[in-house]
Amino acid sequence: MLTTNYVPGTPNWLDLGAPDIDAAVSFYSAVFGWSFQSAGPDAGGYGFFQLGGETVGAIGPLMDEGARSAWTVYFQTPDADATAKTVQQAGGSVRVPPMDVFTAGRLAAFTDPTGADFAVWQPGDVQGLERVMEPNTLCWTELYTTDAAAAKDFYRSVFSWDHQDMPMGGDLIYSVVSAPGGGEGDDSGQGGIMQLPEENLKAGSTSEWHPYFGVTDCDATFAAATGQGATVLIPPTDAPGVGRLAMVKDPAGAPFALIKGDPTMT
């Protein structure tokens, strides 16, 4: 499971690229009770989502022309420059070269060989998110991919992830991923990789990472999100042995999921 005891290859940051910061803050405040704290006048509009005074995510303006609103998952690295080289050697591409963020840390952003964007955070003064695995905080990360085999090979090369394949019925396999040192046994999972079904590929679905936020009541939070303008991707659904989950797109089009039950705290 996710913790704030970050080791290489585990999720340690999360931010949202949004076309309208004020509108996004209003939406997520209504859904999760988050507040917003600006990172300051030199941060270009970037700031932090907070819960109880602790950082649970971040938000910034879309920087590239034509970019779509999305959540970006960051994974811990002790050396962003070395990770950038490994990403390229493994067939990925560099979207944002390694760069210092004041004294907070060093980041780089990439695209995996299947087209999914992700990033890494090399801690400086800021180690990562301050709260996870609690209601209204990050509790899981998931990759929908056009090529699960290629994705697993890539992330194994970059982060040394282990994979545990779990049949989901039919030909679908869900791969639970974990980083070395990220936990033991059933507590080691930090996210999943799932092959997009053929019908999704024919409909034009592309690879993407998205976050899951733990909630105390999936149906109530889903209703709050849709009431604030979110569109439905997956309505509240019981997943045996997992919990109750749902997935939506926020009003600007960024997908995220909700879950009550494992892997979040009940």
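Residues numbered from 1 in each chain as written. Predicted model: local features only at pLDDT ≥ 70, side-chain atom pairs only at ≥ 80, totals over all residues. Heavy atoms only, no water.

Comments concerning the UniProt feature "domain: VOC" (unreviewed entry) in the protein chain
Part 1: This chain's UniProt record puts "domain: VOC" (unreviewed entry) on residues 10-123 and 137-261.
Part 2: The distance separating the terminal C-alpha atoms of residues 10-123 is 12 Å; by composition the span is 19% helix and 48% strand. (UniProt positions renumbered as here; feature names shortened; annotations may be inferred. Helix = DSSP H or I, 4+ residues; strand = E, 2+ residues; numbered from the N terminus.)

Points about the pattern of salt bridges
Part 1: In total, this model carries 9 salt bridges according to the counting rule given.
Part 2: Note that R131 is salt-bridged to E54, the shortest N-O span being 3.6 Å. In this pair, R131 sits in the loop between β8 (117-123) and β9 (138-145) while E54 sits in strand β4 (residues 54-61), placing the two residues 77 residues apart along the sequence.
Part 3: For R131, a relative accessible area of 18% translates into the label buried.
Part 4: For D81, the salt bridge identified is with R106, shortest N-O distance 2.9 Å. (Salt bridge = Lys/Arg side-chain N within 4 Å of Asp/Glu carboxyl O. Buried < 20%, exposed > 50% of the residue type's maximum accessible area, 1.4 Å probe, protein only.)

Observations regarding the layout of surface pockets
Part 1: Of the voids in this model, the largest pocket is the one considered here, and its volume is about 1,400 Å³.
Part 2: D15, Y46, P61, M63 and Y74 are, among the 44 residues lining the largest pocket, the residues nearest its centre.
Part 3: Among the secondary structure elements, those contributing two or more residues to the lining of the largest pocket are β1 (11-18), β3 (47-51), β4, β5 (70-76), β6 (93-101), β7 (105-111), β8 and β13 (208-214). (1 Å grid on protein atoms, 1.4 Å probe; cavity = no way out; pocket = protein on both sides within 12 Å on 5 of 7 lines; lining within 4 Å. Points joined across faces, edges and corners; volume = space filled by probe spheres on them.)

With respect to helix α2 (residues 80-89)
The α-helix winds at 3.6 residues per turn, so residues separated by three or four positions along the chain end up facing the same way.
Part 1: Every buried residue of α2 is accounted for by A80, T83, A84 and V87. Down the axis of α2, the smallest arc covering the buried residues is 105 degrees, so these residues share one side. Exposed positions of α2 whose direction lies more than 90 degrees from the buried face are K85 and Q89.
Part 2: With a side-chain oxygen positioned 3.1 Å from the backbone nitrogen of D81, the residue opening α2 is D79.
Part 3: G91 occupies a position one or two residues after α2 and carries a positive phi of about 105 degrees. (Arc of directions from axis to C-beta. Polar contact = N/O pair within 3.5 Å; in protein donor to acceptor, adjacent residues only side chain to side chain.)

Examining the sheet that holds strand β16 (residues 255-260)
Part 1: Here 8 strands make up an open sheet; going across it, the order is β10-β11-β12-β9-β13-β16-β15-β14 and the pairing mixed. At either end of the open sheet lies a strand with only one pairing partner, and these are β10 (162-167) and β14 (231-239). If you compare each strand with its neighbour and ignore which way they point, the axes differ by 25 degrees on average.
Part 2: Summarising the sheet, β14 and strand β15 (residues 243-249) pair through 6 bridges and their orientation is antiparallel. When the bridges of β15 are listed, D238 appears paired with R244. (Pairing = 2+ DSSP bridges. Axes fitted to C-alpha atoms, helices over the stretch in contact; angles between N-to-C directions.)

Remarks on the packing of aromatic side chains
Part 1: The tally for this structure, following the rule as stated, stands at 33 aromatic pairs.
Part 2: Taking 5.7 Å as the distance between ring centres and 55 degrees as the angle between the ring planes, the aromatic pair formed by Y28 and F49 counts as tilted. Within this pair, whereas Y28 is found in helix α1 (residues 21-32), its partner F49 is found in strand β3, the two being separated by 21 residues in sequence.
Part 3: These aromatic residues form a ring-pair network of at least three members: F27, Y28, F32, W34, F49, W71, F213 and F256. (Phe/Tyr/Trp six-rings, centres within 6.5 Å; stacked < 30°, edge-to-face > 60°.)

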